[in-house]
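Residue-level structure breakdown
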Amino acid sequence: MKTLKVPSIYSVASALSVAVVSFSVVVAPMAQAADYTFNTVGGTGSTPSLWSTSSWGPSTPVSNLDNVLNFTAPSAQRMISTNDLGAGFQLNALNLTNNTNNSNGQNLIIAGSSL
């Protein structure tokens, strides 16, 4: 008589450990788009009004791709200003309006760091 060889079946129990990781995400609110109006008339000769210290409405602008900067030279007055808010200052639009009637043709001058 032949002996039947039956393979042995092994039961393997494995323990699975699960690590639960919790974290929180803090999202800083994005700056709201705004229109800024340059309210400083000035710059005399070659001395411009600096954007960082000039009067703006409603406040000094911040770099944001949605912001609009408005410059309007008042009637019969010269406006000279320099962007000193830093190179690469970002904005959506820059509106320049020349309402002056000076005879020299340089009534609204914007210079300074790149936008």
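This report concerns the structure included in the present document. (Residues numbered from 1 in each chain as written. Predicted model: local features only at pLDDT ≥ 70, side-chain atom pairs only at ≥ 80, totals over all residues. Heavy atoms only, no water.)

**What to know about the pairing of strand β5 (residues 79-83)**
Of all the five residues making up β5, five are buried; the element is thus mostly covered by neighbouring parts of the structure. Alternating residues of β5 divide into Met79, Ser81 and Asn83 and Ile80 and Thr82, and every residue in both groups is buried. Of the pairings in the sheet, the one linking β5 to strand β7 (residues 108-112) comprises five bridges and is parallel in character. The residue of β7 that forms the bridge with Thr82 is Ala111. (Buried < 20%, exposed > 50% of the residue type's maximum accessible area, 1.4 Å probe, protein only. Helix = DSSP H or I, 4+ residues; strand = E, 2+ residues; numbered from the N terminus. Pairing = 2+ DSSP bridges.)

**Let's talk about the packing of aromatic side chains**
In this structure the tally under the stated criterion is six aromatic pairs. With a centroid separation of 6.4 Å and an interplanar angle of 80°, the aromatic rings of Trp51 and Phe89 are classed as edge-to-face. Of the two residues, Trp51 is situated in the loop between β2 (49-50) and β3 (56-57) and Phe89 in the loop between β5 and β6 (93-98); the sequence distance between them amounts to 38 residues. An identical accessibility class is assigned to Trp51 and Phe89; each is buried. (Phe/Tyr/Trp six-rings, centres within 6.5 Å; stacked < 30°, edge-to-face > 60°.)

**Thoughts on the side chain of Thr40**
For Thr40, the position within the fold is in the loop between β1 (35-38) and β2. Within the structure, the side chain of Thr40 is placed 2.7 Å from the backbone nitrogen of Ser55, a separation counted as a polar contact. Residues contacting Thr40, with those up to four places away along its chain left out, are Ser49, Ser54, Ser55 and Met79. (Polar contact = N/O pair within 3.5 Å; in protein donor to acceptor, adjacent residues only side chain to side chain. Contact = heavy atoms within 4.5 Å.)

**Some remarks on the nonpolar core**
With 11 residues, the main nonpolar core is built from Ala34, Tyr36, Phe38, Trp51, Trp56, Leu69, Phe71, Ala73, Met79, Phe89 and Leu91. Going through the elements one at a time, β1 and β4 (68-73) are the ones with two or more residues in this core. If you tally residues by element for this core, the top one is β4, at three residues. Setting aside residues up to four positions removed in sequence, Leu91 forms contacts with Asn64, Leu65, Asn67, Leu69 and Leu115. (Core = buried A, V, L, I, M, F, W, Y, C linked by side-chain atoms within 4.5 Å.)

**Notes on the sheet that holds β1**
Spatial strand order, β3-β1-β4-β6: four strands in an open sheet with mixed pairing. Of all the strands in the sheet, just β3 and β6 have a single pairing partner and so form its edges. Alignment of β4 against β6, held across six bridges, turns out to be parallel. Of the residues in β6, the one forming a bridge with Ala73 is Asn98.

**Here's the deal with the sheet that holds β5**
What holds strands together in a sheet is hydrogen bonding between their backbones, with the strands either parallel or antiparallel. The three strands lie next to each other as β2-β5-β7, forming an open sheet whose pairing is parallel. With one partner strand each, in any of the chains shown, β2 and β7 form the two edges of the open sheet.

**Regarding a nonpolar patch on the surface**
A grouping of Leu94, Leu96 and Leu115 is seen on the molecular surface, where their side chains present a nonpolar patch of about 250 Å² in accessible area. Residue classification places Leu94 among the partly exposed residues on the basis of a relative accessible area of 32%. (Patch = residues over 30% accessible without salt bridge, like charges linked within 9 Å, V, L, I, M, F, W, Y side chains within 5 Å. Areas by Shrake-Rupley, 256 points an atom, 1.4 Å probe, with all protein chains shown as cover. Salt bridge = Lys/Arg side-chain N within 4 Å of Asp/Glu carboxyl O.)

**A word on the side chain of Ser54**
With respect to the secondary-structure elements, Ser54 resides in the loop between β2 and β3. Overall, the relative accessible area of 12% leaves Ser54 in the buried class. When neighbours within four sequence positions are excluded, Ser54 is seen to be in contact with Phe38, Thr40 and Ser49.

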